[in-house]
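Chain by chain, the residues run as shown.
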Amino acid sequence: MFSRTAPARPAHQPLKVMFLHTSAVIGGAETLMLNLIRRMDRTRFAPELCCLKGRGPLGDVLAEEIPVFERLIDHKYDWRVVLRLRRLFRQRGVDAVISVGAGDKMFWGRLAAVAARVPVVICAIHSTGWPDRIGRLNRLLTPVTDAFVGVAAAHGRYLIEEERFPPHRVRVIPNGVDTEVYSPRPPDMELRRQLGIPPGPVAGVVARLSEEKNIGLFLDAAALVRREIPAAQFIVIGDGPLRGALENQASKLGIRPAVHFLGWRSDVPELLALFDAFVLSSHIEANPVSILEALSAGVPVVATRVGSVPETVQHGIGFLVDPGDQAKMAQRIVGLFRQPALAQSMGRNGRRLVTGRWSLDCMVRHYQELIEEIYRRKRPRQLPPSLADTSLSLEDTGQHVAPQHVMEVL
């Protein structure tokens, strides 16, 4: 096995952290990565981004701020990507590699990191099952991985019990949102007019229009809501491979004029201010960022009981329904529409929860501490005098974490 001892370095020199992704498209995990990179303390960390394929729209944004590398893989079985990544890691002097999600980048990235003797190797997992199900080949590289990061307590348990990662390698760092950007605000009625949304209560989703998000369930519930409240309107923010099919479904349900497909938008905080209820209809999730954004903006939530969603959508904050239960989902949406005082109270409670527990600052702080902890553990026992005053945030507790502590929110 290659030695991955952390090299001696001048005091106060930032650790170079390479985030590894397939393509930085617009999505929950990618937005988290962008926010994490932007918020990292530049006196301690120098983040960079490598996309195995094209860098994507969020990669374009980050390319204005940090070094971004792309197109290192030609096809799924292009093993030469390991050589290209190893060369890149060495040339850039990378101290830590963080793969975002499972699949190719998790496998090839760790192989290359070991070959390049990168001291710190972390895998950030953002989902349960597809698309972040861990395959057999990825499991083989567990011994060279310093940490697998789950995004909520329930997700940490899943990584141990279902993916069978060693408990001492699983860390939980809850997703976080910018509570200043996503804050309660009055609805912009001019924006509503521009979008062509007529008067009436609004329920909406923010999601990639793909299979696991199950937006069809939201549309089925919307049709039932319209029977009770004919003026109700519905907003779908996001895009993806199922958009055409979902638009056809809305037409077949007879609600197409009331369903506004907006695609990806850069003004999500302003759009959330138009919502009377936020809906999550997924049948697979870990800790969806969209719910945190809605609650931070003071919008009550109706969500399916999946993944770690119950940790967020608690009593007095929103309502949980069983996956696939369109009737109960519709009933809960109607209840929020007809009880605005209850909806406002839930929104306030949600805002308090997110600002206290799920903020972006908390997420960034724990990632930074984890990287520094692992890097310090990899340094030689006898440190040069120049490193004696290096600032660190965690006590050197070693790699082993008691299983009962793995699921605790850091």
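Residues numbered from 1 in each chain as written. Predicted model: local features only at pLDDT ≥ 70, side-chain atom pairs only at ≥ 80, totals over all residues. Heavy atoms only, no water.

Sheet strands associate in pairs through backbone hydrogen bonding, adopting either a parallel or an antiparallel arrangement. Strand order across the open sheet formed by seven strands is 3-2-1-4-5-6-7, with parallel pairing between neighbours. Both edges of this open sheet fall to strand 3 (68–70) and strand 7 (170–172), since each of them pairs with a single strand only. If you compare each strand with its neighbour and ignore which way they point, the axes differ by 25° on average. Sheet topology places strand 4 (residues 96–100) next to strand 5 (residues 120–124); five bridges connect them, and they run parallel. Paired with valine 97 across the two strands is valine 121, which belongs to strand 5. Strands strand 6 (147–150) and strand 7 of the sheet are contacted by helix 6 (residues 153–161), whose axis makes an angle of about 170° with strand 7. Its contacts with the sheet place helix 15 (residues 360–378) against strand 1 (15–21), strand 2 (45–51), strand 4, strand 5, strand 6 and strand 7, and it is angled at close to 145° to strand 5. (Pairing = 2+ DSSP bridges. Helix = DSSP H or I, 4+ residues; strand = E, 2+ residues; numbered from the N terminus. Axes fitted to C-alpha atoms, helices over the stretch in contact; angles between N-to-C directions. Contact = heavy atoms within 4.5 Å.)

Here we come to the nonpolar core. If you look at the biggest cluster of nonpolar residues, it comprises 68 residues, and the most contacted ones within it are Phe19, Leu49, Ile122, Phe278, Ile291 and Ile371. Excluding residues that lie within four positions of it along the chain, isoleucine 122 makes contacts with Val97, Ile98, Ser99, Ala147, Val149, Leu370, Ile371 and Ile374. Val205, Leu219, Ile229 and Phe319 belong to the second-largest nonpolar core, a separate cluster that totals 35 residues. (Core = buried A, V, L, I, M, F, W, Y, C linked by side-chain atoms within 4.5 Å. Buried < 20%, exposed > 50% of the residue type's maximum accessible area, 1.4 Å probe, protein only.)

This next bit is on the sheet that holds strand 12 (residues 301–304). The strand order across the open sheet formed by six strands is 10-9-8-11-12-13, and the pairing between neighbours is parallel. Of all strands in the sheet, those bounded by a partner on one side alone are strand 10 (259–263) and strand 13 (318–321). Sheet twist, expressed as the mean angle between neighbouring strand axes with direction ignored, is 20°. Alignment of strand 11 (residues 277–280) against strand 12, held across three bridges, turns out to be parallel. If you follow phenylalanine 278 over to strand 12, its bridge partner there is valine 301. Here helix 11 (residues 289–296) sits on the sheet and contacts strand 8 (202–206), strand 11 and strand 12; the angle it forms with strand 11, its principal contact strand, is near 170°.

This part is about helix 15. For helix 15, spanning 19 residues, the distance from its first C-alpha to its last is 28 Å, which sits close to the expected 27 Å at 1.5 Å a residue. Helix 15 sits mainly inside the fold: 15 of its 19 residues count as buried. (Expected span 1.5 Å × (residues − 1).)

Let us look at the packing of aromatic side chains. The full count for this structure, using the stated rule, is four aromatic pairs. Taken together, a centroid distance of 6.3 Å and an interplanar angle of 25° make the contact between phenylalanine 275 and phenylalanine 278 stacked. Assigned by exposure class, phenylalanine 275 and phenylalanine 278 land together as buried. (Phe/Tyr/Trp six-rings, centres within 6.5 Å; stacked < 30°, edge-to-face > 60°.)

Turning our eyes to something else, we now look at the packing of helix 13 (residues 326–338) against helix 14 (residues 340–357). Where helix 13 contacts helix 14, the two axes come as close as 5 Å, and the packing angle between them is 100°. Judged by the angle between their axes, helix 13 and helix 14 are roughly perpendicular. Facing Leu336, Phe337 and Arg338 of helix 13, the residues of helix 14 in contact are Pro340, Ala343 and Met346. In terms of residue class, the contact of helix 13 with helix 14 is made up of five nonpolar, no polar and one charged. (Parallel < 35°, antiparallel > 145°, perpendicular 65-115°, else oblique. Nonpolar A, V, L, I, M, F, W, Y, C, P; charged D, E, K, R; others polar.)

Looking at the protein, pLDDT values average 89 and 90% of them are 70 or higher. Note on residues 382–410: pLDDT is under 50 here. Beyond four places in sequence and across chains, it has 55 contacts. (pLDDT = per-residue confidence, 0-100.)

Where helix 8 (residues 215–228) contacts helix 9 (residues 243–252), the two axes come as close as 10 Å, and the packing angle between them is 15°. With respect to each other, helix 8 and helix 9 are oriented roughly parallel. As for the relative orientation of helix 8 and helix 9, their crossing is right-handed in sense. From helix 8, Ile215, Gly216, Leu219 and Asp220 reach across to helix 9, where they touch Leu246, Gln249 and Ala250. (Left-handed = near helix turned anticlockwise from the far one by under 90°.)

With a phi close to 60°, arginine 71 is a non-glycine residue in the positive phi region. Of note, arginine 71 is situated in the loop between strand 3 and helix 3 (81–92). The class for arginine 71 is exposed, based on a relative accessible area of 61%. Non-glycine residue arginine 164 carries a positive phi angle of around 60°. Among the secondary structure elements, arginine 164 is positioned in the loop between helix 6 and strand 7. Residue classification places arginine 164 among the exposed residues on the basis of a relative accessible area of 67%.

Our focus in this paragraph is the pairing of strand 2. Of all seven residues that make up strand 2, six are buried, and the element is covered over most of its length. Bridge count for strand 1 against strand 2 is seven bridges, and the pairing is parallel. Looking at the pairing, methionine 18 lines up with glutamate 48 of strand 2. Of the strand pairs in this sheet, strand 2 and strand 3 are connected by three bridges, and their pairing is parallel. Directly across from cysteine 50, in strand 3, lies its bridge partner phenylalanine 69. Note that the unit made of strand 2, helix 2 (residues 56–62) and strand 3 has a crossover that is right-handed. (Right-handed = clockwise from strand over helix to strand, strands pointing away.)

One covalent bond between the sulfur atoms of two cysteine residues makes up a disulfide. Enumeration over the complete set of coordinates arrives at zero disulfides. You can see cysteine 51 has no disulfide; the closest cysteine sulfur is in cysteine 50, sitting 6.8 Å from it. (Disulfide = S-S within 2.5 Å.)

Right, let's get into the pattern of salt bridges. In this structure the tally under the stated criterion is 26 salt bridges. Of the charged contacts in the structure, one is a salt bridge between glutamate 48 and arginine 92, with a shortest N-O distance of 2.6 Å. Residue glutamate 48 is found in strand 2, and its partner arginine 92 is found in helix 3; the two are separated by 44 residues along the sequence. On the basis of relative accessible area, glutamate 48 is assigned to the buried category, the value being 2%. Of the residues examined, arginine 92 reaches a relative accessible area of 27% and is grouped as partly exposed. In this structure, glutamate 163 engages arginine 139 in a salt bridge whose closest nitrogen and oxygen atoms are separated by 2.8 Å. (Salt bridge = Lys/Arg side-chain N within 4 Å of Asp/Glu carboxyl O.)

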